[in-house]
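Summary of the model geometry
Listed here are the chains, written in short residue letters.
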Amino acid sequence: MVQTHDSEDYLHSSQSFVRALKSSTDPPRENGPTKIQIARMGWDSRTLYVPRKAGLIVEWMFTRFHKEKSRRGHENPLLDIDHWSLLADIVTCPGDTQIEPIISQTSIPTLVASFIGLYPTIPADTRSRLLSPLLQALGVFWPIAMQRVGLDALAECLWPSLAVTDQLSNDVDTDGLVGILTIVLTGYHTAFENANSAARKKAYTAISQHQLIPWLSALHCVSSTHPLHRLLYSVGTDILYNPDSLRAFLETNPNSKANSDIYATLFGTSTAHDRTTQTSLRRLLPDLYRDYILALHKHRSSLFAWTPVGQQTRESIRLAALRFGVECLGWLKETEGEEILESIWEATVEILRLTEKEALFDITENGAHISRLKKVAEDALKHLDCAWDDSQSPLATLALDVFSCLQRIHPELSVEFIPPILNRLVTASPALDRPVWTFLSQLTSYHSKTRTLHTLISLLLSALTASFPFLHSADPRATYIMCARSPLLSLTFMDELTTALRTYVTPGQADDIVRSVEAALESFLCLREASQEPERKRRKVGSNDENALQVSGNRDTSQCVIKFALVVRLGTTTLRTVLRKRAGKDAMERAKTCLSNLDALISRSLRTIFHSEGAAGDPNAMIRRKRSRSEHVDDSQWTRQCQGSTVLRLWYELFAGSDPAWRTIDAGESWVATATLDQLSDAFNTCMDQDEFPELHVEIGRVLFFRRATYGPELDRKEWLAYDTILGYVEANLLVGDTCPANSDSTQSRSPYITRQQSALALWRLMLERHLSIIDLHASQQQLDRFARLMIRVQVDLLRSGQDQPPSAALILQRAFTSASFWECGNFRLRMLSALDKQTSVLGSVDAQKWLSAVSAESSSSFDALSNAGNVSLVDVEAGLGVYSLLHRFPPEYLSRASRVDLATKALNADILIRGFSPNNDPTSQGNVEWRAILRSFIVKVAKQSPMKLIEDMASSPEWMAYLTLSKYGPTEPSLVYTQATLDLLFFIQASATRDAIRTEGALLINVLNHFLQCSPYSSGYMGSQPLAHRSLLQFINMLVRESNVPSFQESVLSLIRQLCLNLEAPLISAIETMLGQPTAADFLASEWIIDAWQALLSLRHRFSIPPPVERYGQRLLVEATRIIGSSTSEALLIPDKFRAAMLSLLVTEGQLLPKFDCRSVLSITAAYLHLTLPNIHETACDIPISRASESFSVAQYECALGLVEEGLKDSPGDQPQLITLMRLSTLFMREPPERTSKLSHEHVSRCLRIFLDRPVFMDCSSKLTMKIVDFVQFQCTERAASLNALDVACILSIVSKLLVGSTDHEERSSPYIFQTIVTVLSALVRLRRDLLAPLLPQLCVVLRQLIFLIRGVRPLLGIKQYRIVADTFPKWIYPMDTLKEAEAGSLGRLLTAFTTKSFVRSHNSDLQKADSLARPFVRHAPYVLLSYLEIMNDPLSVLSVSIRRELEPGLFALCTMMGEYGRDTLMVQSLDVGGKAVLKSLWKEYDKQKYIGRG
């Protein structure tokens, strides 16, 4: 009560109120209200009158802020929520509060700086509540204060702001602090741009001496993706890169460290501080370098002396920028550390990319910059030593990016590092594919441009033959795998190298390349031959010494063999390409000599290698090798097999591949190595049993298959026995789950076959994709049987694996089945069919009816008894499943009708067996859902080809119908494939029963009807109960509705159909009433099945003339659905297209039950279509019911429907979605009209065309509505051109002309579809209704000119006004920066050509007519159409690309043909200036070249 009395005293008069605020104590009276409370009450009081009340309170608050800003805690008014809330209410109060003079006289930045300095002391729980009113007030008086404040005052806010950025990570709600910092930084940025030179220098001094570290720390605290980070960075760079600081730096001596202000500021200070500062600067360094270059260009007029040419200015900018970049690289080198290497090299790469992008480097300048860049290259090379290690791939990637940048900057910078780089790339990890290919591509491009590809080949050979001292492991196997997987030997680089060699190598360079490759290959071949010579007798040494010497020698030999394998990979590719560049007799002789030498060396190597294996019949050698492997590590076996594989690869690539090198010499040449292979067949069989080097198996397989394909019957039969070994190898090692690449090229030229499984997969591909015809001709019957069984096993294993994506082996098999050559192998095809029959033979002995009875009774004992009696197990069934998976890929022509029926019967047996063998109540076990889907889809496939008695037997059995439809025999959640296969099978059963009812008494159809009467799919609801029964019932009802021979049905069948209708009616009505009780979106979605079922029931009643129910539920459901859709947009979007289509189908069906003269159903259908499609105007699910309804309308109903659409188009507001829906509805009615309504349709079209012209909303609309308009017009002109009259054609031309009028507003993307449709409309009129166009040729000429103007583009780099001049001539649906392309120009050219094409008029007049064209009447109009093209070509603001002109040329030539020379001369004299005449002369010259003059 005392406080209330005191408050009344303070608010009694203005004097007491002012006296209270200016009191020396707070509160003015003991135990009374505080001053801020008095100020709040005075501001809120409507009875207290104080002159300039707002200004008085604001002035008092600002004064108090300034006096008490140094206080701490809650005593400081700057930290009081009440003060800022009152201030926010006052400054945001509407009306003239006259506070602007007070704000202008107050140092607002000082208050903000004090608040920011005290911000860390504010409790975290009160920060958000305090910052909200503060931001409101600051948003009002900060812009006022900025008009009088200087840069120094704003600096008082800026520097404390840098210190509080670390609070962003502590605050839960950072929006308030971010808002204050944004206001401060934006204000400082604006003030700095308008400040004078002295203020800028002072700001630079402050940041260089004191504030750089806080600035870098602030940037480190703020995320780089946050908008505040960019603003904070911009403020700092504005200070650092102002013209005065740049000028002072540029005037200093580059070698002087004392005066280089920017360098000392950035690099000197930050280097001496902590890691955080260095990390921030390192992250910002590329951006600082880029902005430094931009600042030099921005301030070039004040930084550099002006020169008339400008070359000296550009050179000065380049030198200054390069100097800064080199200093950045030097600082990065100084701060190098192990834990930050990746970030250092990332910054280095970005700096080098900027240097290359800005073209800053010049090789002729001083050597300091070159030395720095080469030093960077030296450091980067060290990180390539671990390029083989996947864990070091990030650093190796950055190192390669460095060399790629240096290569682009100038090739001389990296030329001395190329050999060691290539040497390290030989063992590079596949993780470095992208950077390695980028570097190699640049290197190949450079040597191609300089025509030094022979040097590149020499470098590559040197890299492959050099040692690898940087590898930590000396294991030859690991080394070989690393080298063979290297990106240097990948298919990508080999293709690029082959293309370059084929294009740029000269014959002289080709000789050098051949000699270098030949020398490298010969050296390795001779080295191996020398190593196989008998060694001299050595003194006896201990066993340990002997083993050590053997291991050392083996390792040296292994390294040589690895290098030999790498050289072969590169050399064969190079030789095959280069030898084709040879020309002349001498060159051919040298090539022949080269190949002959290699052939002889290969022959000797083959004898040496494979005879030393002990394969020629020395069993003791095999025993010694096994004993040596058991006693110590022996690499000699692996080495010999690796060399054998390499030599075979070399022979195959040079003499046996798909495009061997010797074909360029002499196709009839006899080669020594070929004869040598005849002597090594037994050795190959022995080597296939050894597993040291799996790649050898693939090479031997390639050789054997090639020799059999080439020489055929000439070979000894024993050599073909190796196929048994190959096939056994594949059978033993092929894993279906293997995921190594199945592509033939990638496996041969990139990845080695490390394991036996991978080599087996390669042989599998080799047999199926390349040499299956050889196997078909020469393999024995037993071998073909084994191969067929292997294919079936692969398919069975694929089904068992359950993988989403087929593995490699299955992919190879699938590719083989899609090849025509696979099915041309007659012998193999017969053995394949035999294997399929044998694999499924056990299924033929099954009594399916007994198994079905056991499944129906759910009797486990019956299952076991039947299984034991028939000797059938689930394994047998699984073995047959692979057969049916393969049979899906069989062309039906290769299976006889008896075989198809037999296999279908076995498939049905397998289906019931799978269900019988599954555990209790678990029909989804062991993947049998997908298996049953495969089986049923095969039965459907056979049933489509020819009728089967099997289908009739299933229709006659109630148990089969129940087995296929009831959920207890199927999965709980059936897959889409399973459901569709089952429904397709049921469809054939139901169709067979329906056909039988037409011919006989209908026993099968009665059985099907009894099944649906017994199963009662709606008795207990549908969802989760009987999904297949529901869908199969709907399918059956639709089949009966579509049946045309209903009168042929017996009375017994019709009575069952009536009984079915009665049984379905009651549960469906109950479900609909329940649905209408709680009509929410979720209920509607869950009850879609009710609408489908009710619609099907009504259709069935209508088809069989059964009286429908009295209640029309469609109307009630529509009302509720409309309410739901209109109440919430989010709920409406959840309603799927199927539900909308079901609603419309129900309304259409109910409308068909009404009398033909009743138009209420038309109104309901139209309203439903509008309401159901407006939430998503692009859906088309509702179009099918509307089309069906339109066909069933009577004449009166159709007239009513068209009238409703016309009223909507005429009277509806400018609502674009509603108009689009009405346009689509009109098009649907026109596409599917009922009989005897052509006159109504024509009148509707005429009225719609006039509505389009009368209402501006149709002419100035979005591209979506424009598409509907042109679609409507196109349909009339193309499909119903005969019904058009002269007024319609005039309206069409007027509509098209208005749609092509220019607009000042354009959409973000052009719509070429509209242009193409307009061209189609005009083409149809020209071809089909030229009789109506003849009086309207001037209007047509105007439209053609508009179309030609639309294909031009806006010339780049225009000013705003010039751009608007051209852009405003384009219609709204064309974006001026994304104009039409070549396809549209080609369509326009064909339209112009149509004027000279003769055609028949399409009209209802039956008089005889002859073909004619519009060429003669269009003669006088053609020059003005051509004039539009000449105006575009002569317009300095427009551009017409060469490709567009080429597409338009046929139409232009047609115009030239029509106008003739007289029209050309008239155009030259009357309408063209000098530029236009030149364009026309050039065009006419091209026209004369192609014009036919009657010769030849």
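Everything below is about the structure printed above this text.
Residues numbered from 1 in each chain as written. Predicted model: local features only at pLDDT ≥ 70, side-chain atom pairs only at ≥ 80, totals over all residues. Heavy atoms only, no water.

1. Concerning the overall build of the protein
- Across its full length, the protein carries 74 helices and two strands.
- Here the protein, with 1496 residues, has 54% of them falling under the buried criterion.
- The long-range fraction of contacts in the protein, counting pairs at least 24 apart against all pairs at least 6 apart in sequence, stands at 78%.
- Per element, the accessible surface of the protein, about 65800 Å² overall, is 52% carbon and sulfur. (Helix = DSSP H or I, 4+ residues; strand = E, 2+ residues; numbered from the N terminus. Buried < 20%, exposed > 50% of the residue type's maximum accessible area, 1.4 Å probe, protein only. Contact = heavy atoms within 4.5 Å. Areas by Shrake-Rupley, 256 points an atom, 1.4 Å probe, with all protein chains shown as cover.)

2. Re the environment of L575
- Mapped onto the fold, L575 is located in helix α27 (residues 543-578).
- Through-space distance from the C-alpha of L575 to that of E653 is 9.6 Å; in sequence the pair is 78 residues apart.
- Beyond its immediate chain neighbours, meaning those up to four positions away, L575 contacts V514, V517, L521, L598 and L654.

3. Quick notes on the pattern of salt bridges
- A complete count under the given rule lists 43 salt bridges for this structure.
- Across the pair E769 and R815 runs a salt bridge, and its minimum N-O distance is 2.6 Å. Pair noted here: E769 is in helix α36 (residues 756-769) and R815 is in helix α39 (residues 808-817), with a separation of 46 residues, a long-range link.
- Overall, the relative accessible area of 32% leaves E769 in the partly exposed class.
- Judged by its relative accessible area of 35%, R815 is partly exposed.
- Ionic pairing is found between E1486 and K1489, a salt bridge with its closest N-O pair at 3.7 Å. Here K1489 and E1486 lie together in helix α74 (residues 1474-1490), a separation of three residues that amounts to about one turn.
- Residue class for E1486 comes out partly exposed when judged on its relative accessible area of 34%.
- Because the salt bridges share partners, they merge into one network encompassing R569, R576, R649, E653, E695, E699 and R702. (Salt bridge = Lys/Arg side-chain N within 4 Å of Asp/Glu carboxyl O.)

4. Focus on the nonpolar core
- Formed by 466 residues in total, the largest nonpolar core has its most connected members in W764, F1252, F1258 and L1347.
- Residue contributions to this core peak at twelve residues, all from helix α53 (residues 1051-1077).
- If sequence neighbours within four positions are ignored, L1347 has contacts with L1300, F1315, I1318, V1319, L1322, L1388 and L1391. (Core = buried A, V, L, I, M, F, W, Y, C linked by side-chain atoms within 4.5 Å.)

5. Topic: the packing of helix α21 (residues 418-425) against helix α22 (residues 433-449)
- In the contact formed by α21 and α22, the axes pass within 12 Å of each other and the chain directions differ by 140°. Judged by the angle between their axes, α21 and α22 are oblique. Handedness of the α21/α22 crossing: left-handed. Where α21 abuts α22, its residues I418, I421, L422 and L425 lie against V436, F439, L440 and L443. (Axes fitted to C-alpha atoms, helices over the stretch in contact; angles between N-to-C directions. Parallel < 35°, antiparallel > 145°, perpendicular 65-115°, else oblique. Left-handed = near helix turned anticlockwise from the far one by under 90°.)

6. Observations regarding unusual backbone geometry
- Not every positive phi belongs to a glycine, and R451 is a case in point at roughly 55°.
- Relative to the assigned elements, R451 resides in the loop between α22 and α23 (453-465).

7. A closer look at empty space enclosed by the protein
- Under the criterion given, the structure shown has eleven cavities of 30 Å³ or more.
- Lining the largest cavity are L329, L332, K333, E336, I344, W345, T348, R372, K375, V376 and D379.
- The element contributing the most residues to the lining of the largest cavity is helix α19 (residues 367-383), with four residues.
- Partitioned by chemical class, the residues of the lining of the largest cavity number five nonpolar, one polar and five charged.
- One number sums up the size of the second largest cavity: a volume of about 80 Å³. (1 Å grid on protein atoms, 1.4 Å probe; cavity = no way out; pocket = protein on both sides within 12 Å on 5 of 7 lines; lining within 4 Å. Points joined across faces, edges and corners; volume = space filled by probe spheres on them. Nonpolar A, V, L, I, M, F, W, Y, C, P; charged D, E, K, R; others polar.)

8. Observations concerning helix α69 (residues 1337-1350)
- The terminal C-alpha atoms of α69, which comprises 14 residues, lie 20 Å apart, in line with the 20 Å expected from a rise of 1.5 Å per residue.
- All of the buried residues in α69 are L1337, L1340, C1341, V1343, L1344, Q1346, L1347, I1348 and L1350.
- The secondary structure elements touched by the buried residues of α69 are α66 (1286-1299), α67 (1312-1328), α68 (1330-1333), α71 (1382-1393) and α72 (1422-1433). (Expected span 1.5 Å × (residues − 1).)

Without other data, these values stay purely geometric and don't point to any function.
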